[in-house]
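Structure assessment
Chain by chain, the residues run as shown.
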Amino acid sequence: QVQVAESGGGLVKSGGSLKLSCSASGTTFSINFMAWYRHAPGKERELVAAITHGENSYSDSVKGRFTISRDNAKTAFYLQMNSLKPEDTAVYYCNVHLYRANGDYVGNGWGQGTQVTVSS
């Protein structure tokens, strides 16, 4: 239904910044919900940030440091991460939800993940 791919991960020192990108392709459906998740070893997957109908939401752990955004074509999404901390180290995944024009939910797609490592 949709191909999702993340990019932009890497190694950064504590206090540094990274910008993750997510591209969604191969679908004719609308993407009305998009979220960034992360999964660190030994921890549960965490919803980091989400955007839907122009409204953004963030987990308490990243609020004020991370910013989610999307392009006007609504097929590319971003996560600007500032003031990074070692506890932000994780694999970050992009998740998109697809909808028909009448608002019916179709399904969702996941990317393969991108590693973010923050050194102290």
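For the structure, check the block above.
Our subject in this report is the structure included herewith. (Residues numbered from 1 in each chain as written. Predicted model: local features only at pLDDT ≥ 70, side-chain atom pairs only at ≥ 80, totals over all residues. Heavy atoms only, no water.)

**Things to note about the environment of Asn-32**
Note the following rule: Only DSSP runs of H or I with at least four residues qualify as helices, and only runs of E with at least two residues qualify as strands; both kinds are numbered from the N terminus onward. Contacts: residue pairs with any heavy atoms within 4.5 Å of one another.
Position of Asn-32 among the secondary structure elements: in strand 4 (residues 30-39). With 82 residues separating them in the primary sequence, Asn-32 and Thr-114 have C-alpha atoms 22 Å apart. Each residue touching Asn-32, except ones within four places of it in the same chain, is listed here: Ile-51, Thr-52, His-53, His-97 and Tyr-99.

**Quick look at the packing of aromatic side chains**
Quick note on the threshold: Each Phe, Tyr or Trp ring (for Trp, its six-membered ring) is paired with any other whose centre lies within 6.5 Å, and the angle between the two planes then decides the class: stacked below 30 degrees, edge-to-face above 60, tilted in between. Whether a charge lies above a ring is judged from NZ of Lys or CZ of Arg, which has to be within 6 Å of the ring centre and within 35 degrees of the ring normal.
Counting across every chain of the model gives 2 aromatic pairs. When the ring centre of Tyr-78 is taken as origin, the NZ or CZ atom of Lys-19, which lies over that ring, is 4.7 Å away. Sitting over the ring of Tyr-37, Arg-45 keeps its end group 5.0 Å from the ring centre.

**Side note on the state of the cysteines**
Our working definition: The term disulfide is used for any two cysteine sulfur atoms that are within 2.5 Å. For every residue, the accessible area obtained with a 1.4 Å probe (protein chains only) is divided by the maximum for its type, and the residue is called buried under 20%, exposed over 50%, and partly exposed between those limits.
Considering all chains together, one arrives at 1 disulfide under this definition. The disulfide that involves Cys-22 links it to Cys-94, with 1.9 Å between the sulfurs. As the torsion about the S-S bond is roughly -75°, the Cys-22-Cys-94 disulfide counts as left-handed. Separated by 72 residues along the polypeptide, Cys-22 in strand 3 (residues 18-25) and Cys-94 in strand 9 (residues 90-99) bring together distant segments of the chain. Owing to a relative accessible area of 2%, Cys-22 belongs among the buried residues under this scheme. The class of Cys-94 is buried, set by a relative accessible area of 0%.

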